[in-house]
Amino acid sequence: MKKRSTLILLNIMLIISLLALAGCAGTEKEAPAVKEEGAALKEEAKSDGKGVVNLYTDRHYDTDEELYKLFTEETGIEVNVVKGKSDELIERLAREGQDTEADLLIAADAGRLHRAKEKELLQGIESEEVLNNVPENLRDINNEWVGLTVRGRVIVYSKDRVDPSELSTYEDLTSDKWKGKILVRSSSNIYNQSLLASFIAIDGEEKAKEWAKGLLANMAREPKGNDRAQATAVVAGEGDIAIMNTYYVGKMLNSSNPEEVKVAENVGVFFPNQDETGTHINVSGVGLTKHAKNKENAIKFIEFLSGEKAQKQFAEANYEYPVNDLVEPSELLKSWGKFKTQNINLSKLGELNTKAVEIFNEIGWK
Ligand code: FE2
């Protein structure tokens, strides 16, 4: 009799564990809730009581969504996503004030994250794990945002017409030998504003202004188009050299458009200032919103995204470099070689943004 009741008990335990497993499998299939800008996020906790984290992001990659799913599988915390342009998302956060449902803001460029900080929309991220994962120069001085992936703003050159031995520094691009040969986008773009801000931080305002003037004097045409358009113009022969972000070369090489692939194959990537101040870098990063309702979950999510497991995938989704030193970049990025980066805290890019814009306006870089 005793033996029989033990058997029944074992059977009941087996059924309970099978039910539990089925429950897990159920959550595995759940995709993150993705909404476009303007949509509302739900705050209610899931039935398992683990809750949610609500994210505003300007990134648009399927691989990011796979990571959100993985986070849900690991923690039971559901990730709700609103996608939009970063400036619109920042505006929305400001408009919503303390009623916002967003816990996190992900944006490309430290300058943009700094805008959110200046508007007092963020708060410090208190997590030893995050501080260990992200080097100090890649986060805000009060840790209101931290970098998650790194990009370089580099020199891209025509493989046909430029020998890389002719290239050296950003400053060299202002010398007479490059007259009428440089392609670069408008100064209204934040990447150029952050580049000039980095020169102000390193060399001071006067030298930065001289550089901007010298570059303007060597431009092949009036600034127009995005970063990719500069590479396209190099290959079309409008100029020999472009300034652009590293990941666009990766995106073009892997593009479904054969024209873009052809362009990327015909340009070389050069990391300037290797014997001097280093190549300019920037980040895609994440800020913790001031009025986060799911703060604990949000911090767990930042720990996850900056952690070893997620870093490689997160960076590779956009052909970027991981921030976490323990993680190696992708094969393509490794093929470009290691490079020395500027040694400044990226907060400076935001702090000096206004000054950079003033210089661009003063010297007439459209
Ligand atoms: Fe970009």
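Engineer: Would you explain the overall build of the protein chain in this entry?
Structural biologist: Scanning the protein chain for helices and strands turns up 15 helices and 11 strands. Put simply, the protein chain has 366 residues, and 53% of those count as buried. Relative to all contacts within the protein chain whose residues are 6 or more apart in sequence, the contacts with residues 24 or more apart total 78%. As displayed, the protein chain has an accessible area near 16800 Å², and 50% of this comes from carbon and sulfur atoms.

Engineer: Is there a simple way to explain the environment of Lys290 in this structure?
Structural biologist: Residue position: Lys290 is located in the loop between β10 (280-289) and α11 (295-306). Residues Lys290 and Gly124, spaced 166 residues apart in sequence, show a C-alpha to C-alpha distance of 8.4 Å. Excluding its chain neighbours within four sequence positions, the residues that come into contact with Lys290 are Glu120, Leu121, Leu122 and Gln123.

Engineer: What exactly am I supposed to notice about the pattern of salt bridges here?
Structural biologist: Any two side chains of opposite charge can pair, so long as their charged atoms come close to each other. The tally for this structure, following the rule as stated, stands at 24 salt bridges. As a salt-bridge pair, Arg92 and Glu96 come within 2.7 Å of each other at their nearest N and O atoms. With Arg92 and Glu96 both in helix α3 (residues 86-96) and 4 residues apart, this pair spans about one turn of that helix. By relative accessible area, Arg92 is classed as buried at 7%. With a shortest N-O distance of 3.8 Å, Glu210 and Lys213 are connected by a salt bridge.

Engineer: When you look at the coordination of the iron ion in this model, what are you seeing that I'm missing?
Structural biologist: Tetrahedral coordination by four donors puts the ideal angle at the metal at 109.5 degrees, and octahedral coordination by six puts it at 90 or 180 degrees. Every protein donor of the iron ion is listed here as Tyr191 (OH), Tyr247 (OH) and Tyr248 (OH), and their distances to the metal cover 2.0 to 2.1 Å. Along the chain, the residues donating to the iron ion fall in the pattern Y-x55-Y-Y. Within this pair, whereas Tyr191 is found in helix α6 (residues 190-203), its partner Tyr247 is found in helix α9 (residues 246-253), the two being separated by 56 residues in sequence. Classification of Tyr191 by relative accessible area gives buried; the value is 9%. What makes Tyr247 buried here is its relative accessible area of 2%.

Engineer: Explanation requested: the packing of α9 against helix α10 (residues 258-265) in the structure shown.
Structural biologist: At their nearest, the axes of α9 and α10 sit 7 Å apart, and the two run at 130° to each other. Here α9 is positioned oblique relative to α10, judged by the angle of their axes. Two packed elements cross with a definite hand, and for α9 against α10 that hand is left-handed. Facing α9, whose interface residues are Val249, Met252 and Leu253, α10 presents Glu260, Val261, Val263, Ala264 and Glu265.

Engineer: What is the right way to look at helix α7 (residues 205-217) in this model?
Structural biologist: Side chains of residues three or four places apart in an α-helix project in the same direction, reflecting 3.6 residues per turn. Its 13 residues give α7 an end-to-end C-alpha distance of 18 Å, which sits within 8% of 18 Å, the value for a rise of 1.5 Å per residue. When α7 is considered as a whole, its buried residues turn out to be Ala208, Lys209, Trp211, Ala212, Gly214 and Leu215. In the core, the buried residues of α7 are packed alongside β7 (182-183), α6, β8 (241-245) and α15 (353-363).

Engineer: Explain the pairing of strand β3 (residues 78-83) here, please?
Structural biologist: Residues in a regular strand point their side chains to alternate faces of the sheet. With 5 of 6 residues buried, β3 is to be regarded as a mostly interior element. Where strand β2 (residues 52-57) and β3 come together, 6 bridges link them in parallel fashion. Bridged to Tyr56 within β3 is Val82. Of the crossover connections in this fold, the one passing from β2 over helix α2 (residues 62-75) to the parallel β3 is right-handed.

What counts, and at which threshold
- Residues numbered from 1 in each chain as written.
- Predicted model: local features only at pLDDT ≥ 70, side-chain atom pairs only at ≥ 80, totals over all residues.
- Heavy atoms only, no water.
- Helix = DSSP H or I, 4+ residues; strand = E, 2+ residues; numbered from the N terminus.
- Buried < 20%, exposed > 50% of the residue type's maximum accessible area, 1.4 Å probe, protein only.
- Contact = heavy atoms within 4.5 Å.
- Areas by Shrake-Rupley, 256 points an atom, 1.4 Å probe, with all protein chains shown as cover.
- Salt bridge = Lys/Arg side-chain N within 4 Å of Asp/Glu carboxyl O.
- Donors = N, O, S within 2.8 Å, 3.2 Å for Na, K, Ca; no water.
- Axes fitted to C-alpha atoms, helices over the stretch in contact; angles between N-to-C directions.
- Parallel < 35°, antiparallel > 145°, perpendicular 65-115°, else oblique.
- Left-handed = near helix turned anticlockwise from the far one by under 90°.
- Expected span 1.5 Å × (residues − 1).
- Pairing = 2+ DSSP bridges.
- Right-handed = clockwise from strand over helix to strand, strands pointing away.

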